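Residue-level listing of the chains:
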There are 4 protein chains.
Amino acid sequence: MVSTRQVVTRNDVSFLIVPTAELTTRRRDEIARAASSEFAEHGYHATGIADIALRLGIGHGTFYRYFQNKRDILEHVLEGVVERIGAALSSEDPESASTLTEYRAQSERIGRALCDVFIDDSELAQLFFVEGMGADQQLAERLLAAQDLFAEVGERYLRNGVERGFLRADLDIATSARAINGMIFAGALAAARMPDAAAARERWVASLTSLMFEGVSRRRPPTMGESR
Amino acid sequence: MVSTRQVVTRNDVSFLIVPTAELTTRRRDEIARAASSEFAEHGYHATGIADIALRLGIGHGTFYRYFQNKRDILEHVLEGVVERIGAALSSEDPESASTLTEYRAQSERIGRALCDVFIDDSELAQLFFVEGMGADQQLAERLLAAQDLFAEVGERYLRNGVERGFLRADLDIATSARAINGMIFAGALAAARMPDAAAARERWVASLTSLMFEGVSRRRPPTMGESR
Amino acid sequence: MVSTRQVVTRNDVSFLIVPTAELTTRRRDEIARAASSEFAEHGYHATGIADIALRLGIGHGTFYRYFQNKRDILEHVLEGVVERIGAALSSEDPESASTLTEYRAQSERIGRALCDVFIDDSELAQLFFVEGMGADQQLAERLLAAQDLFAEVGERYLRNGVERGFLRADLDIATSARAINGMIFAGALAAARMPDAAAARERWVASLTSLMFEGVSRRRPPTMGESR
Amino acid sequence: MVSTRQVVTRNDVSFLIVPTAELTTRRRDEIARAASSEFAEHGYHATGIADIALRLGIGHGTFYRYFQNKRDILEHVLEGVVERIGAALSSEDPESASTLTEYRAQSERIGRALCDVFIDDSELAQLFFVEGMGADQQLAERLLAAQDLFAEVGERYLRNGVERGFLRADLDIATSARAINGMIFAGALAAARMPDAAAARERWVASLTSLMFEGVSRRRPPTMGESR
DNA sequence: TATGAATGAGATTTCATTCAT
DNA sequence: GATGAATGAAATCTCATTCAT
């Protein structure tokens, strides 16, 4: 992703300016990616440092120049995962929508973004929901905290909708936010697992927004005439 | 915890004590319970056979008289978990409801039952969603299959509702079933984690049914005057 | 050293009373002895757990059933060493001698006892002076503390002699005790290294007592007519 | 073993660069000093090549331009240690003293010199008695050989005294030389460890000479009236 | 049948040494 | 000459599993 710039220079004339920091970062990324894949494919515990190194064609001792130990890289990997999920959730301003139509469009965008995160990197879900939760108690706590954070973001959306009057006033915001997140994650996860991910995504987004806004019951069109 | 020597000698007369098969089953159950707890508390990998044995006050060699190996018991434990979840989902007949009101009540009962499963045994969620998924690829497949099965049950409910006419005709049944399951599981999980589980359960059941049937939007009451 | 008493008994009749504690102690001793030898012969760092196990013909995993880790056994071994040296030094009562003749005889006995400790187990010196000092800072501290303790014992002897009047009143007790210990240890060490250890011992004991009491100078016989 | 590419070619002309030898020697000394300190402070095995390099602010690869390997530098360091101790012992002519007074003064000078060697460089003792003895069998042999050499020097002193008639004729020269060395080393070591090293030195020198010449017994002044 | 001592495969981690730049 | 990234041998330690008692 970054050019190598191995500006090599000789003895007395000039210097070899080693972009160590950059090189290091790149290597760390490479290793982290390899580790992600191994963890997701075979599980954290079934993955040996040697497997990660083998996948990269490096010596396994090299691993330890870039990460303290095995747990360290899991932590690093999960940080990235949480960050990416968080970024998708934060791509919109929870307080910006002022009509139900806008609000709904926004929801669809978020759903789509989240699906994309999981579709782009099909390992994310496995890492976030399974490996991270099962490998280490402390990391599990952190992931639960992240889920709480995600729920809070959801709450802000819902609260805005209630305050602006286009969501039900009696909505149990905290619970609903978590429930909706549950749906969304289930959907993103399922979509990522499907062979035709793009199509699955649209189907999920449509179903979810419909479920979220109107529920499953047959009924008359809602108050202000917003179309489904 | 249970007796050891089936053959007991008293006054030079030997007695064969019990129907061994039953005793064996009981022992297996004890061990499985102990294993469940250890797995849920400390994780599958962090749990040693010795830990399970210690919890029961038996020798760890004894474990192998009842289970082939460590994986074997995880399998056994997960089977029980899946069974219990399945039982809760199957406590109602998916085709029995003939009005939306009935249908809704049925949904609430199922939700409540499911919550109870997870609340009664707070280890279930951890085992089903985390330990089982992370410990072994093959078992993970089985759990995913179980989730598919659960989704199919959900589909039958929804299909019935659509066919009877009190659910939206345009409902994407397959997707919605999975989405709703996602919500339900998220709820059951969250409720199980709460300190006041019973109260949390009611809140969740209310929120979920409301969400599921009417969604979040503010609107006129639905066609046939169902409450709330 | 201890009989095995594997009082084995069968199924329904009687029990196998496993003298676990004793067996464990014996095994620990065996391992400790093997470790001592390996450490003394090849050095602490050059010795692998596998070497110790190999010497005993046991699996190297077995080692860890008896000792926490490699450092643990070094500690254990050194404790024994210190104890044995201490026992030799404590074999006499530092305050008991009331004449120079007695005193001198006592000194010879102690010197002889100490020599014997090192001659009996020629590894002791290596362990006490070298391996223990070089392997681990913390253990080195403990050994230095032990040396201080030994010096204190020496001081008590000297103080008694001064107080009773058969040692020079101007003796620098603290320093002399340490110097004499230095001589003694050097002697015991050298004697242990000699091929004909017993003869070497006598030569050393004679030279040391002579040096200690009269020094090297030629002179008239001391005050009260003690021989030599 | 020393420099690598002495010959540099610029524009097809070859240059032999520097008094490389001297620079190399200086560098070697620097590295040796750093290594000494690290070895003495943390132990040979606990010291990594990288630690030595870090202490000097050089790259650890550079180390290998000056020393073959880790053992090589320990050897080098120990050579220096032995040399310095030997120099102190050889600062006097073992056959020069012709009276007890002279002899005694000489002994004190040697004791003082030896103390100074150890006090000046408090690492010496640790290196000589511990690290060197524990790190490598072969080096240990060499150090023992050095101790034998030191003992021989001592023997020459004693033999001279006996021959000149101011030491006891019945002195076991070989044994006494080693015993006295033991005292001296114990003293030098203790003095080096003390906070107020200079004072400790004088105390030790006084105690040792007194012990060595007159022993601990109370007695009449020696034959020829030499003062204490 | 129950037990726990013994085992060794296998995993993690360190660090002396090499060598391209 | 200097450097430090890369390497892999080797060491420690764990724990599922076996099996004699």
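Bear in mind that the values here come from a model prediction, so they are computed numbers and not experimental data. (Residues numbered from 1 in each chain as written. Chains lettered and ligands numbered in written order. Predicted model: local features only at pLDDT ≥ 70, side-chain atom pairs only at ≥ 80, totals over all residues. Heavy atoms only, no water.)

**A closer look at the overall build of chain A**
Defined as follows: Secondary structure elements follow DSSP: runs of H or I no shorter than four residues count as helices, runs of E no shorter than two count as strands, and numbering proceeds from the N terminus. The criterion used for residue contact is that any of the two residues' heavy atoms lie within 4.5 Å. Surface accessibility in these figures is a Shrake-Rupley result with a 1.4 Å probe; residues are shielded only by whichever protein chains are displayed.
Helix and strand counts for chain A stand at nine helices and zero strands. Helices (α) and strands (β) of chain A occur, in sequence order from the N terminus, as α-α-α-α-α-α-α-α-α. For chain A, contacts bridging at least 24 residues in sequence account for 61% of all contacts bridging at least 6. With the model as given, the accessible surface of chain A reaches about 11200 Å², and the carbon-plus-sulfur share is 53%.

**Brief notes about the pattern of salt bridges**
Side chains that carry opposite charge are capable of pairing whenever their charged atoms lie near each other. All names here are of chain B. Filter applied, for reference: Each salt bridge in this description consists of a side-chain nitrogen of Lys or Arg and a carboxyl oxygen of Asp or Glu lying within 4 Å of one another. Buried residues are those whose accessible area, probed at 1.4 Å on protein chains only, stays under 20% of the maximum for their type, while exposed residues exceed 50% and partly exposed ones sit between those limits.
In the structure shown here, the tally under the stated rule is 80 salt bridges over all chains. Salt-bridge contacts for Arg71 lead to Glu75; the nearest nitrogen and oxygen are separated by 2.7 Å. Of this pair, Arg71 and Glu75 both sit in helix H4 (residues 70-89), four residues apart, roughly one helical turn. Arg71 sits in the partly exposed class, given a relative accessible area of 24%. One salt bridge in this structure joins Arg71 and Asp136, with 2.7 Å as the shortest N-O distance.

**Digging into the interface of chain B and chain A**
Operational definition: Buried area: the sum, over both parts, of the accessible surface (1.4 Å probe) that disappears when the two are put together. Side-chain classes are defined by residue name, with Ala, Val, Leu, Ile, Met, Phe, Trp, Tyr, Cys and Pro counting as nonpolar, Asp, Glu, Lys and Arg as charged, and the others, Gly among them, as polar.
Listed by partner, the interface residues are 48 residues for chain B and 49 residues for chain A. Together chain B and chain A conceal approximately 4300 Å² of surface at their shared face, both sides included; 55% is due to carbon and sulfur atoms. Connecting chain B to chain A are two salt bridges. In this structure, Asp172(A) engages Arg203(B) in a salt bridge whose closest nitrogen and oxygen atoms are separated by 2.6 Å. Residue assignment for the side of chain B that touches chain A shows that the elements contributing at least two residues are helix H6 (123-135), helix H7 (137-164), helix H8 (173-193) and helix H9 (197-214) of chain B. By residue number, the principal contributor to the side of chain B that touches chain A is H8(B), which donates 10 residues. Partitioning the side of chain B that touches chain A into residue classes produces 22 nonpolar, 13 polar and 13 charged.

**Notes on the relation of the copies chain B and chain A**
These two copies of the chain differ by a rotation about an axis and a displacement along the same axis. For clarity, the threshold we go by: We superpose the copies by least squares over the C-alpha atoms of residues that have a pLDDT of at least 70 in both of them.
Rotating chain B by 179° about the axis while translating it 0.0 Å along that axis superimposes it on chain A, leaving an RMSD of 0.2 Å. This pairing of chains is accounted for by a two-fold axis. Taking C-alpha positions as reference, the residue of chain B nearest the rotation axis is Gly215(B), located at 2.0 Å. When you check the interface residues of chain B against chain A, 100% turn up at the interface there too, and the contact is symmetric in its surfaces.

**As for the interface of chain C and chain D**
To keep things clear, this is the line we draw: Counted as a polar contact is a pair of N or O atoms within 3.5 Å, where, for protein atoms, one must be capable of donating a hydrogen and the other of accepting one, and residues adjacent in sequence contribute only when both atoms are in side chains.
If you look at the interface, chain C gives 49 residues, while chain D gives 48 residues. Carbon and sulfur atoms supply 55% of the area that chain C and chain D bury against each other, a total of about 4300 Å² over both sides. At the boundary of chain C and chain D, one finds two salt bridges. Our enumeration of links across chain C and chain D arrives at 23 residue pairs in polar contact (both at pLDDT 80 or more). Within the residue set of the side of chain C that touches chain D, elements represented by two or more residues are helix H1 (20-42), helix H6 (123-135), helix H7 (137-164), helix H8 (173-193) and helix H9 (197-214) of chain C. It is H8(C) that provides the largest number of residues to the side of chain C that touches chain D, a total of 10 residues. Class assignment of the residues belonging to the side of chain C that touches chain D gives a composition of 22 nonpolar, 14 polar and 13 charged.

**Examining the confidence of the model for chain A**
All names here are of chain A. Basically, it comes down to this: The predictor rates its confidence in each residue with pLDDT, a number between 0 and 100.
Taken over all residues, the pLDDT of chain A has a mean of 85, while the share at 70 or more is 87%. Low confidence marks residues 1-19, where pLDDT is under 50. Its contacts with residues over four positions away, or in another chain, come to 21 contacts. A low-confidence stretch, residues 221-228 (pLDDT under 50), is modelled with 16 contacts involving residues beyond four sequence positions or located in other chains.

**Description of the relation of the copies chain C and chain D**
Of the transformation superimposing chain C on chain D, the axial component is 0.0 Å and the angular component is 179°, with the fit at an RMSD of 0.2 Å. Comparing interface residues between copies, 98% of those in chain C also lie at the interface in chain D; the contact surface is shared.

**Brief notes about helix H9 (residues 197-214) of chain A**
The line we're drawing: Here the expected span of a helix is defined as 1.5 Å times the quantity of residues minus one.
Look at H9(A): 25 Å from first C-alpha to last across 18 residues, which is about the 26 Å you get at 1.5 Å a residue. H9(A) sits mainly inside the fold: 13 of its 18 residues count as buried.

**Digging into the nonpolar core**
Note the cut-off: The term nonpolar core refers to a set of buried residues drawn from Ala, Val, Leu, Ile, Met, Phe, Trp, Tyr and Cys, joined through side-chain atoms within 4.5 Å.
In terms of nonpolar packing, the biggest core is built from 138 residues, with Ile85(A), Phe118(A), Ile85(B), Phe118(B) and Leu167(B) touching the most fellow members. Once residues within four sequence positions are removed from consideration, Ile85(A) is found in contact with Leu114(A), Val117(A), Phe118(A), Phe128(A), Phe150(A) and Phe185(A). Ranked by size, the runner-up nonpolar core spans 134 residues in total, among them Leu114(C), Ala140(C), Val216(C) and Leu158(D).

**Quick look at the environment of Tyr64(D)**
Residues and elements named next belong to chain D. Along the chain, the position of Tyr64 falls in helix H3 (residues 60-66). C-alpha separation for the pair Tyr64 and Ile49, spaced 15 residues apart in sequence, amounts to 9.3 Å. Each residue touching Tyr64, except ones within four places of it in the same chain, is listed here: Ile49 and Asn69.

**Overview of the packing of aromatic side chains**
Residues and elements named next belong to chain B. Cut-off, in case you're wondering: Aromatic rings from Phe, Tyr and Trp, taking only the six-membered ring of Trp, are treated as a pair when their centres fall within 6.5 Å; an angle between ring planes under 30 degrees marks them as stacked, one over 60 as edge-to-face, and anything in between as tilted.
By the definition in use, this model includes 48 aromatic pairs over all chains. Seen from their ring centres, Tyr103 and Phe213 are 6.0 Å apart, and the 90° between their planes marks the pair as edge-to-face. Separated by 110 residues along the polypeptide, Tyr103 in helix H5 (residues 100-120) and Phe213 in helix H9 bring together distant segments of the chain. Of the two residues examined, Tyr103 and Phe213, each falls in the buried class.

**Observations regarding the packing of helix H4 (residues 70-89) of chain C against H6(C)**
Residues and elements named next belong to chain C. To keep things clear, this is the line we draw: Between N-to-C directions, angles cover 0 to 180 degrees, with each direction set by a line fitted to C-alpha atoms, over the stretch in contact for helices. Throughout this description, any angle smaller than 35 degrees is read as roughly parallel, any larger than 145 degrees as roughly antiparallel, any in the 65 to 115 degree range as roughly perpendicular, and the remainder as oblique. Left-handed describes a crossing in which the near helix is turned anticlockwise from the far one by less than a right angle; the clockwise case is right-handed.
Remark: H4 packs on H6, axes separated minimally by 10 Å, with the N-to-C direction vectors making an angle of 135°. Judged on the interaxial angle alone, H6 and H4 are oblique. As for the relative orientation of H4 and H6, their crossing is left-handed in sense. Side by side, H4 and H6 meet where Leu74, Val77, Leu78, Val81, Val82, Arg84 and Ile85 of the first sit next to Leu124, Leu127, Phe128, Gly132 and Ala135 of the second. In the contact of H4 with H6, the residues fall into 10 nonpolar, one polar and one charged.

**Topic: the environment of Thr99(B)**
Residues and elements named next belong to chain B. Relative to the helices and strands, Thr99 is located in the loop between H4 and H5. A C-alpha to C-alpha distance of 8.3 Å links Thr99 and Gly161, two positions 62 residues apart in sequence. Within the local environment of Thr99, its side chain forms a polar contact with the backbone nitrogen of Glu102, the two atoms lying 3.0 Å apart.

**Examining helix H2 (residues 49-56) of chain C**
Note that an α-helix has 3.6 residues per turn; residues three or four places apart therefore point the same way. Residue and element names in this part refer to chain C. So the rule is basically this: This arc is taken over the directions from the axis of the helix to the C-beta atoms.
For H2, every residue scored as buried is listed here: Ile49, Ile52 and Ala53. Looking down the long axis of H2, one finds its buried residues gathered within 95° of arc, a one-sided arrangement. The positive-phi residue at the C-terminal boundary of H2 is Gly57, with phi of around 70°.

**Here we look at the packing of helix H8 (residues 173-193) of chain A against H8(B)**
Describing two packed helices takes the angle between their axes plus the distance from one axis to the other. Taken N-terminus to C-terminus, the directions of H8(A) and H8(B) make an angle of 130°; their axes are 7 Å apart at the nearest point. By the angle class used here, H8(A) and H8(B) are oblique. Along this stretch, H8(A) crosses H8(B), giving a crossing that reads as right-handed. Every residue of H8(B) that contacts H8(A) at Arg178(A), Ala179(A), Gly182(A), Met183(A) and Ala186(A) is listed here: Arg178(B), Ala179(B), Gly182(B), Met183(B) and Ala186(B).

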